[in-house]
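# Remarks on the overall topology
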Amino acid sequence: IEVMDSSQKAVKNERGAGRKKKYSQEQIDLVVDLRTKGHDYDNIKEQMIQEFTSKDWEIKEIKYIYSRYK
């Protein structure tokens, strides 16, 4: 019985449920990099729309990403 107890790992979230990241690390890195280089938010928004077409980007999201992850 002791061997069975020690061999089983506790599964915290076996279905993978929970909150997923809204922005990928690549998106975060690009926004922070462009903003630190001095690009304005409108310019960053246009570049994000061109590079990541699966999402409709807004300036408030760009501002949020930069203020959260800088």
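The rules behind these values
- Per chain, residues are indexed from 1 in the order of the written sequence.
- Per-residue local features of the predicted model are confined to residues with pLDDT of at least 70, and side-chain atom pairs are confined, for both listing and counting, to 80 or more; whole-chain, interface and lining totals are unaffected and use all residues.
- Where side-chain values are given, they derive from all heavy atoms of the structure, hydrogens and water being excluded.
- Any residue under 20% of the maximum accessible area for its type is buried, any over 50% is exposed, and the rest in between are partly exposed; the area is computed with a 1.4 Å probe on protein chains only.
- In DSSP terms, a helix is any run of H or I states spanning at least four residues, a strand is any run of E spanning at least two, and both are numbered starting from the N terminus.
- As used here, the arc is the angular range of directions from the helix axis to the C-beta atoms.
- Any two residues whose heavy atoms approach within 4.5 Å are treated as being in contact.
- Salt bridges are identified by distance alone: a Lys or Arg side-chain nitrogen within 4 Å of an Asp or Glu carboxyl oxygen.

### Brief notes about helix 3 (residues 41–51)
Among the residues of helix 3, Tyr-41, Ile-44 and Met-48 are the ones counted as buried. Looking straight down helix 3, one finds its buried side chains confined to an arc of 60°; they lie on one side. Close packing links the buried residues of helix 3 with helix 2 (25–36) and helix 4 (59–69).

### Digging into the pattern of salt bridges
Should their charged atoms come close, side chains of opposite charge can pair. The full count for this structure, using the stated rule, is three salt bridges. Measuring nitrogen to oxygen at the nearest pair gives 2.7 Å for the salt bridge that ties Glu-61 to Lys-55. For Glu-58, the salt bridge identified is with Lys-60, shortest N-O distance 3.9 Å. Since its relative accessible area comes to 59%, Lys-60 is described here as exposed.

### Structural notes on helix 4
Turning to helix 4, its buried residues number three or more, namely Glu-61, Ile-62, Ile-65 and Tyr-66. Looking straight down helix 4, one finds that the buried residues subtend no more than 130° of arc, so they occupy a single side. Facing away from the buried surface of helix 4 by more than 90 degrees, the exposed residues are Lys-60 and Arg-68. Next to the buried residues of helix 4 lie helix 2 and helix 3.

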